[in-house]
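# Structural characterization, general
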Amino acid sequence: MQAWMVWTVVAAVLIGIELTTATLVFAMLGIGAAAAAVGAGFGENPALQFALFSVVSVATLVFARPSAMKHLHSGPEHRQGVEALVGSEALVVERVDGLDGRVRISGEIWSARAYDGHTEYAVGDRVDVAQIDGATALVL
C-alpha cells in the first residue's frame, strides 16, 4: 500500500472518530493527515510527511479549532417575548407622534410613539419597531 493511501485511511478514521466526539480535535488531526497524504502523493519523504502532519495538525488545533468551536456551540440567536418584536415592521392604525398612537405588530394592536419624540406617522404608514418600552412600541 502506498504512503498516500495510508495517510488517507488515517484521515478517514480520525474524521470518523470525530463524528462520535464533536470536540473537533480528531477533525483537526484528520486535516493534518490529509495534508500528509497530499505530501505523500507528491512523493515527499516520510520525514516531511510527518512534519506536514504535525504542523498542519497543530496549526488547525491552535488557530481554526477555537473559532470553529465558538460557532459550533453558539447556535443562532433566539429572541423571545417582546425582544422578538424589535426590528419587525408595524402598520400605523392610529396617528403616531412623540406622545401617543397605535400600531399593528404581528396582528396585535400596540400603543406606540415615535422613537425620536418628534416625528409623526400617518395611518397606513409602515414603520419599524426600534424598541419596546413596557407596553409601548417605539417606532421609526
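A few points on the structure. Source: prediction; values computed, not measured. (Residues numbered from 1 in each chain as written. Predicted model: local features only at pLDDT ≥ 70, side-chain atom pairs only at ≥ 80, totals over all residues. Heavy atoms only, no water.)

### Details of helix H3 (residues 46-74)
So the rule is basically this: Working definition: helices are DSSP H or I runs of at least four residues, strands are E runs of at least two. Numbering for both runs from the N terminus. A helix is expected to reach a length of 1.5 Å times the quantity of its residues less one. Two axes define the bend at a residue: one fitted to the seven residues ending there, one fitted to the seven starting there, and the bend is the angle between them. Exposure is judged per residue with a 1.4 Å probe applied to protein chains only, and the accessible area is read against the type maximum: over 50% gives exposed, under 20% gives buried, and values in between give partly exposed. Two residues qualify as a contact provided that any one of their heavy atoms is within 4.5 Å of a heavy atom in the partner residue.
The end-to-end C-alpha distance of H3, which contains 29 residues, comes to 40 Å, matching closely the 42 Å that a straight helix rising 1.5 Å per residue would cover. The sharpest bend along H3 measures roughly 45 degrees and falls at Ala64, with the proline Pro66 sitting one to four residues further on. For H3, the full list of buried residues reads Gln49, Ser57, Thr60 and Met69. At its buried positions, H3 is contacted by helix H1 (3-21) and helix H2 (25-41).

### As for the pattern of salt bridges
Note the threshold: The term salt bridge refers to a side-chain nitrogen of Lys or Arg lying within 4 Å of a carboxyl oxygen of Asp or Glu.
In the structure shown here, the tally under the stated rule is five salt bridges. Here Arg95 ties to Asp97 by a salt bridge, and the two come within 3.3 Å at their closest N and O atoms. Take Arg95: its relative accessible area is 42%, and that puts it in the partly exposed class. One salt bridge connects Asp133 with Arg113, and the closest N-O pair in it is separated by 3.0 Å. In this pair, Asp133 sits in strand E4 (residues 126-133) while Arg113 sits in strand E3 (residues 108-114), placing the two residues 20 residues apart along the sequence. Overlapping salt bridges bring together Arg95, Asp97 and Glu120 as one network.

### Section: H1
With 19 residues, H1 should cover 27 Å at 1.5 Å per step; its first-to-last C-alpha distance of 27 Å lies within 8% of that length. The elements touched by buried residues of H1 are H2 and H3.

### What about the pairing of E4?
Within a regular beta strand, the side chains point alternately toward one face of the sheet and then the other, so they alternate between its two faces. Applied cut-off: DSSP-based pairing: two strands are paired if at least 2 bridges between them are found.
Here strand E1 (residues 89-94) pairs with E4 via three bridges, running antiparallel. Residue Ala90 lies in a different strand from E4, and its bridge partner there is Val127. Across four bridges, E4 lies against strand E5 (residues 136-139) in antiparallel orientation. Residue pairing for E5: Gln131 is matched across the bridge by Leu138. From the end of E4 to the start of E5, which pair antiparallel, there are two residues, and Gly134 there has a positive phi angle of about 70 degrees.

### Some remarks on the nonpolar core
Formally: By nonpolar core is meant a set of buried Ala, Val, Leu, Ile, Met, Phe, Trp, Tyr and Cys residues that side-chain atoms within 4.5 Å join together.
Ranked by size, the top nonpolar core spans 15 residues in total, and within it Val96, Val103, Ile105, Tyr121, Val127 and Ala137 carry the most contacts. Counting only elements with at least two residues in this core, the list comes to E1, strand E2 (102-105), E3, E4 and E5. Those residues in contact with Val127 that lie beyond four places of it in its chain are Ser88, Glu89, Ala90, Val92, Val103, Tyr121, Val139 and Leu140. Among the nonpolar cores identified, the runner-up in size contains seven residues, and Ala11, Ala36, Ala37 and Ala40 belong to it.

### Considering the sheet that holds E3
Threshold: As a rule, the C-alpha atoms of each element are fitted with a line to give its axis, helices using only the stretch in contact, and angles between N-to-C directions run from 0 to 180 degrees.
The five strands are arranged E1-E2-E3-E5-E4 in a closed barrel whose pairing can be described as mixed. Each adjacent strand pair in this sheet contributes to an overall mean axis angle of 55 degrees, direction not counted.

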